[in-house]
Amino acid sequence: MWQPLAALARRDLRLALRSPTETFMGVIFFLVALSLFPLGVGASPDILTRIGAGVIWVLALLAVLLTLDRLFQADLDDGSLDLLRLAPAPLEFIVLVKCAVHWLTSGLLLVVASPLLALLMALPADAYWALPLALLLGTPTLTLIGAIGAGLLVGSRRGSVLTALIVLPLYIPVLIFGMSAVDGVLLGLGGRTAFLILGAMLLAAASLAPFAIAAALRLAGE
Amino acid sequence: MPAAVGDQAIVPAAVLEADGLACRRGGRLLIAAVDWRLAPGDALLLHGANGSGKSSLLRLLAGFLRPAAGRLRHGGNDVFADLPEWRGLLHLIGYQDGLKPSLTVAENLAAVTGLLGGSTARLGAAPHRFALAELADTPARFLSSGQRRRAGLARLVAAPRPIWLLDEPATGLDAQNRRRLEALIDEHRRAGGIAVVASHGDVQVKSPHMLDLGH
């Protein structure tokens, strides 16, 4: 069972490295969109500090959304989706591997870039560890939930817009607890509970979402 | 070149029986009650006009569609009762070749072989089979449609499986490569494999069972 999963992980990582524009699109959007905020709301540090964490989280949601349509669409277009279903491994594990590789090449880049964003938004020093940690727990959940939408709408025209409409409401809990984790630390209230809830949401998504994604892809193959 | 090229180290197929198999697509009964009995080494040739349901029947056989009625048994067991086990026994060659445009032919073959649980040792034989060796380092997006098809067919060699479902496998192939494909199907059948081929007559299959799906 492990051979097909390892082969898939290798293939998808290689594909991500071969098309750096697509891979880095999310994180570049993240940086460019964020740099508009000081221009839009004015560069006064009080305002930026107050809205900083929220803006960074909202942009992280959108950046993950941007990269979702390459998750299954290419595999459907070139026939690899059929191949994945003929592989001697459960489809649930296969989609979990695909999500893991997708996160490594999208969400992880946001985590790495986030201290720079904290600097841009004039966040206090504690944000340099709180923000990456919250994103580290939150972005894999965003990928997993988003993959359900991407799987449901794979092959439909205007799929990426519809995916956004389906997925964004489901992102609200991650946004709320991601925000309160960072704000809790920054305001000295302690964000421990929010961090734990983010972790719990990640575990729940990792164990339940693969079933939904696999079911959606089975429908897509009919 | 390894000596194992001609040797198909597969678990031979068991008897593949369809019993009143029907397929419904978009509310319309596309295939009504077909029956056959294929022993190991047999081939079934599907005939029929465009839209007569050849591709749907092959996707049904692969378990991607559910039958509207009837049964499909392999070695006496209902295949729809244990789809993962059944899918591990078959190859489906459809109109797409499952190649990633940005990967080279060799990387594509390695990925497909790994995914299907084939052995990379057999991979040495696969490119030679369809004269792909000189294309090994070419990214798949630069291949012609015939070359893409050859790279897609190479997985038949790279990952031996007993049941082959081939949907217009010769599309885009030149005469020489069509002969290679026919030889490959013959060899597969001699080793106890079963092939179900949908074709407009461009692949010659020796003494096949015929199934005419009409129009």
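Just so it is clear, the model here is predicted, and its values are computed rather than measured.

### As for helix α9 (residues 159–186) of chain A
Quick reminder: α-helices carry 3.6 residues per turn. Residues three or four places apart thus point the same way. Residue and element names in this part refer to chain A. Compared with the 40 Å implied by 1.5 Å per residue over 28 residues, the 38 Å span of α9 between its first and last C-alpha is a close match. The sharpest bend along α9 reaches about 40° and sits at L168, with the proline P169 one to four residues further on. Taken as a whole, α9 has its buried residues at T163, V167, Y171, V174, F177, G178, S180, A181, V182, V185 and L186. Summarising the contacts, the buried residues of α9 are in contact with α3 (45–68), α8 (127–152) and α10 (192–220). At the C-terminal side of α9, G188 shows a positive phi close to 75°.

### A word on the interface of chain A and chain B
Counting from both sides, the interface comprises 23 residues of chain A and, opposite them, 22 residues of chain B. At the level of secondary structure, the elements contributing two or more residues to the side of chain A that touches chain B comprise α1 (2–18) and α5 (80–86) of chain A. Considering each element in turn, the side of chain A that touches chain B owes the most residues, 9 residues, to α1 of chain A. Considered class by class, the residues forming the side of chain A that touches chain B number 11 nonpolar, 5 polar and 7 charged.

### Brief notes about the confidence of the model for chain B
All names here are of chain B. In the predicted model, chain B carries a mean pLDDT of 85, and 92% of its residues have values of at least 70. At the low end of the mean pLDDT range in chain B sits helix α5 (residues 125–129), at 68; at the high end sits strand β7 (residues 163–167), at 93. A low-confidence stretch, residues 1–8 stays under pLDDT 50, and its non-local contacts, those more than four residues away or across chains, total 13 contacts. Scored by ipTM, the complex comes to 0.85, with pTM at 0.89.

Conventions adopted
Residues numbered from 1 in each chain as written. Chains lettered and ligands numbered in written order. Predicted model: local features only at pLDDT ≥ 70, side-chain atom pairs only at ≥ 80, totals over all residues. Helix = DSSP H or I, 4+ residues; strand = E, 2+ residues; numbered from the N terminus. Expected span 1.5 Å × (residues − 1). Bend = angle between axes of the 7 residues up to and from the residue. Buried ≥ 20, exposed ≤ 12 C-beta atoms within 10 Å, placed from the backbone. Contact = placed C-beta atoms within 7 Å. Nonpolar A, V, L, I, M, F, W, Y, C, P; charged D, E, K, R; others polar. pLDDT = per-residue confidence, 0-100.

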